[in-house]
Amino acid sequence: MISLNINGVQREVEADADMPLLWALRDILQLTGTKYGCGIAQCGACTVHLDGQPIRSCSIPVSAAVGGRITTIEGLAKGEELHPVQQAWIELDVVQCGYCQSGQIMSAVALLETNTNPSDADIDAAMNGNICRCGTYPRIRAAIKRAAELKRGGKSA
Amino acid sequence: MSAEGNGATDNGRRQFLIGIGVVAGGTAAGMALRPWLVGAADVNRPPADFQPHAFVRIRSDDTITVIIGKSEMGQGVYGSLPMILAEELDVDPTTVQVEIAGVDPAFNHPFLPAQFTGGSMSVMTTYDALRRVGAQARSALLAAAAEQWNVDVVTLTTDSGVVRDSRGRRLRYGSLVDAANRLPLPDPTAVTLKDPSTFKYIGKPQRRLDSPIKVTGSATFGIDVMRPGMLTAVIARPPAFGASLRGFDATAAKAVAGVVDIKAVPSGIAVIAQHTHAALRGRDALVIDWDIGSSKSLSSEGLRQEWRALAKRPGLVGKNVGDVAAAFRSATRTIDVEYELPYLAHACMEPLNAVAEVTADGCELWLGTQSQSQDARFVAEALGIEPSKVRIHTMFLGGGFGRRASAVSDFAVEAALVAQGVGKPVKVVWTREDDMRGGYYRPLSFNRIKAAVGADGMPVAIHHVTVSKPVLANTAMGKMAVTKEGLDPSTIEGSADMPYAIPNLRVEVHNTREAVPILWWRSVGHSITGFVTNSVIDELATLAGKDPYEYRRELLKEKPRHLAVLERAATEANWGQALPAGHFHGIALQESFGSIVAQVAEVSVTNGKARVHRVTCAVDCGLAVNPSQVVAQMESGILYGLSAALEGEINIEDGRVVEGNFDSYRVLRLVDSPAIDVHIVTSGGPIGGIGEPGTPPIAPAVCNAIFAATGERIRRLPISKSLNA
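Treat the numbers as computed from the prediction; the structure is a model and nothing was measured.

Trainee: Let's hear about the overall build of chain B: which residues, and what values?
Mentor: The secondary structure content of chain B amounts to 21 helices and 27 strands. Against the 2.2 N^0.38 benchmark of 27 Å for 725 residues, chain B shows a C-alpha radius of gyration of 27 Å, consistent with a compact globule. Considered along the principal axes of its C-alpha atoms, chain B spans approximately 80 × 70 × 50 Å. Looking at chain B alone, contacts between residues at least 24 apart form 76% of all its contacts between residues at least 6 apart. When the 72 basic and 75 acidic side-chain charges of chain B are each reduced to a single mean position, those positions are 1 Å apart.

Trainee: How would you explain the interface of chain A and chain B if you had to name every residue and give the values?
Mentor: Every contact between the two is made by 54 residues of chain A and, on the other side, 61 residues of chain B. Contact between chain A and chain B buries roughly 4900 Å² in total, counting both sides, with carbon and sulfur atoms accounting for 57%. Where chain A meets chain B, there are four salt bridges. The interface formed by chain A and chain B contains 25 residue pairs in polar contact (both at pLDDT 80 or more). For the side of chain A that touches chain B, the secondary structure elements donating two or more residues are helix H1 (21–28), helix H2 (84–91), helix H3 (101–114), helix H4 (120–127) and helix H5 (137–151) of chain A. Classifying every residue of the side of chain A that touches chain B gives 26 nonpolar, 16 polar and 12 charged.

Trainee: Break down the domain arrangement of chain B for me, with residues and values.
Mentor: All names here are of chain B. For chain B, the assigned domains read domain 1 (3–215), domain 2 (222–293 + 352–429) and domain 3 (300–344 + 441–722). Tallying the contact residues gives 22 residues for domain 1 and 17 residues for domain 2. Taken together, both faces of the contact between domain 1 and domain 2 bury some 1500 Å²; the carbon and sulfur share is 58%. Contact with domain 2 buries area across many residues of domain 1, yet Ser-71, Met-73 and Val-103 alone supply 30% of it, more than any other trio.

Trainee: Please set out the confidence of the model for chain B residue by residue, giving values where relevant.
Mentor: Taken as a whole, chain B shows an average pLDDT of 92; of its residues, 94% reach a score of 70 or greater. Low pLDDT, under 50, characterises residues 1–45 of chain B; the predicted model gives this stretch 86 contacts beyond four residues in sequence or across chains.

Trainee: Go over the environment of Gly-217 of chain B with me, naming the residues and quoting the values.
Mentor: Relative to the elements of secondary structure, Gly-217 of chain B occurs in the loop between helix H6 (211–215) and strand E8 (231–236). Each C-alpha atom, one on Gly-217 of chain B and one on Leu-316 of chain B, is 51 Å from the other, the two residues being 99 residues apart in sequence.

Trainee: Help me get a handle on the packing of helix H11 (residues 372–383) of chain B against helix H12 (residues 410–419) of chain B, residues and values and all.
Mentor: Residues and elements named next belong to chain B. One way to put it is that H11 packs onto H12 with a least axis distance of 9 Å and a crossing angle of 35 degrees. For H11 against H12, the interelement crossing comes out right-handed. Listed contacts from H12 to Asp-375, Phe-378, Val-379, Ala-382 and Leu-383 of H11 are Ala-412, Val-413, Ala-416 and Leu-417. Among the residues making up the contact of H11 with H12, the classes are represented as eight nonpolar, no polar and one charged.

Trainee: Can you tell me about the domain arrangement of chain A, naming the residues and giving the values?
Mentor: Residue and element names in this part refer to chain A. Under the domain assignment used here, chain A contains domain 1 (2–74) and domain 2 (84–151). Using only C-alpha atoms to locate each centre, domain 1 and domain 2 end up separated by 21 Å. On the side of domain 2, 12 residues touch domain 1, which itself brings 16 residues to the contact. Of the roughly 1100 Å² buried at the junction of domain 1 and domain 2 (both faces included), carbon and sulfur atoms supply 58%. Linking domain 1 with domain 2 are six residue pairs in polar contact (both at pLDDT 80 or more), by the criterion used here. Those elements that place two or more of their residues in the side of domain 1 that touches domain 2 are strand E3 (47–50) and strand E4 (53–56). At three residues, E3 tops the list of elements feeding residues into the side of domain 1 that touches domain 2.

The rules behind each value
Residues numbered from 1 in each chain as written. Chains lettered and ligands numbered in written order. Predicted model: local features only at pLDDT ≥ 70, side-chain atom pairs only at ≥ 80, totals over all residues. Heavy atoms only, no water. Helix = DSSP H or I, 4+ residues; strand = E, 2+ residues; numbered from the N terminus. Rg over C-alpha atoms; globule rule 2.2 N^0.38 Å. Contact = heavy atoms within 4.5 Å. Lys, Arg positive; Asp, Glu negative; His and termini not counted. Charge placed at Lys NZ, Arg CZ, Asp CG, Glu CD. Buried area = accessible area lost by both parts, 1.4 Å probe. Salt bridge = Lys/Arg side-chain N within 4 Å of Asp/Glu carboxyl O. Polar contact = N/O pair within 3.5 Å; in protein donor to acceptor, adjacent residues only side chain to side chain. Nonpolar A, V, L, I, M, F, W, Y, C, P; charged D, E, K, R; others polar. Domains from an automatic or database assignment. pLDDT = per-residue confidence, 0-100. Axes fitted to C-alpha atoms, helices over the stretch in contact; angles between N-to-C directions. Left-handed = near helix turned anticlockwise from the far one by under 90°.

In structure tokens:
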């Protein structure tokens, strides 16, 4: 049995130590907001936070997450209050099929934790590991800037 | 939950969350979809509901649920289709709940005896019907109110889910449910529809209804479905197209912890396990003897060489206007060029998957599909049961692009066969490599074009010979679409009927039969023909020494809608005016799926790498039901096409697909994504599609800009392969 701290709750997982964190989250804990896209850390659909850092959960074993704080897309909102990044995503109609967006949002949230006013180059660098096939990139860029504004105290539209 | 009831105090966003979240979440948790109701005569209608037909349900608590039979793959049908119905029902579309329909003939495509989402046709084929059923329901509620108040119905009006009379009295729709149920339903073909100039919602931008569940991770895609006792399977698939199984040893695989069962199915060897990780481990441990067979000699490079020779020979005539031979004899200047496009994978972000449960009662499937009726039919055939015993639950699609409208229902049938005899639900997951190497690509295409201009520099003839595997002929639509000579309209769409005025035009086709499975890929033939024809028009403009935009204006002067779109794109892009140093413009226009789209790409080329800085797009889709999603679909189509144009290619060597994942099948990332401006041209023309028409013009617009920048003409995609360093 492996004990993981996920979204502030300690969860027991019956899994081999080498099971990728992604499958522990999805198949064992049924936290299916984190997505499988490539399995080789190329697409970012599986992005979660480990101690606040964005990681590709498909490519780290569950044992590496023991003792750390894991945050998934399900843990982002505070009750009914969505995270500013989620709010900006809704406001700017970012999503299309939506499959990659959990990962995109987790990467964007991590960026804004350390950078309150990211430039285009900052956004390029932080989001380069997340693929979207629907072509929501221009709106992702705009929504990150909008979320930064919201975090700084801007009004939600 | 009418706007009247709580709209004044409630946060609209939360309503969306509650609205669609409850319904989709219910499905996610494994609750059965509500029993289906069709037609007014249904006696099982719950008394608390007014459900005049399959498309809307009004509850006494004012909850209004719109039931959508089209699949949501990002294109926004769960927003646009409810808007259309809500407009005539006269309720705020942002307050309705959206329910994902079961499979029912009520949701069949009007041109096909099937429930199907594709061809950019969801709005254009349901617009009139959804207006009529919305108006029918409103009319029934008005009649109920008139009876209750004992007044003439013509004195009543509606607004946001409330009936009002001339004295200021009001009745909520929910309070009229019982009364409406007792009255005969009005004839939907005879109801009065709104004058479009009075539309409150259609034509005005509306936010997506599914954003709240998609930004919180709670939207349920096929791959997210969980069923009690469910197992997960992956399949060891043949390593090459046409390979067959000689035998396998599962001893080691069975010993892997968590592996439950291993069985051969037609598509390979299924490893059924407690979870994905165990299934993958089990698959790795299989020892398999494959017979590669004749496909060992199959390669895309080999096909290319064969097809180059084939393109020099006469083919099936797809179009013959005027006399190209005579025109070439009298031409001033000619070109004789070859254009090539690679196989392309759809590469949906959600790899293919399906959950199936097979019991004595039949088969239940949960999956993201564009093709419910056919999936049910093929699954029934494979299991040897009646199609009525197959029940399909449509989930959110993590991308479709045509791949989830499989002509053979591959991922549905396979899941049913894996689950057969297991006694538990089984989720079959395709890994990214399975998905990418599993075939069903945009066809490889080889084209030879001879073209000529006259003394005035304008085109006198185009002779286009195209070689590729025909798309529709390899689907159920082949029977009705392909001519008895074998001409497949999808091969010549956009070339035989190009809008540019070409006095002598001959299009010929060679149909190929290689073992590589092909399928419709976003915009089908148009992403191929759009590249070839728009590049050739540019070549002719160069030959004539004319500006490519002015040249096109001349060729479209008899087509006012096309001309308006072309001019709008060029004007908004400041065509002909100074650009930043090293930046150049290219332009292209394609009509597809009933819509006309022109794009101007602003490109620079440095050290053999093309960078697209900005795309200016103009679109005439007749009516933009939800303009913000028209813009979103243009952006989407452009970036999907740009990704393919810059780097997309599937190569076959020794019968095997070279590319397997996003490290080798390179796709566009945010850093290379241009700014995009979309302008909607309002023509009042018939409703066109929006999911696909944004894709075809981008590759030629970019390549034409590369020519402007470098003088190098890209005649083979992807650009990364052709562009000189």
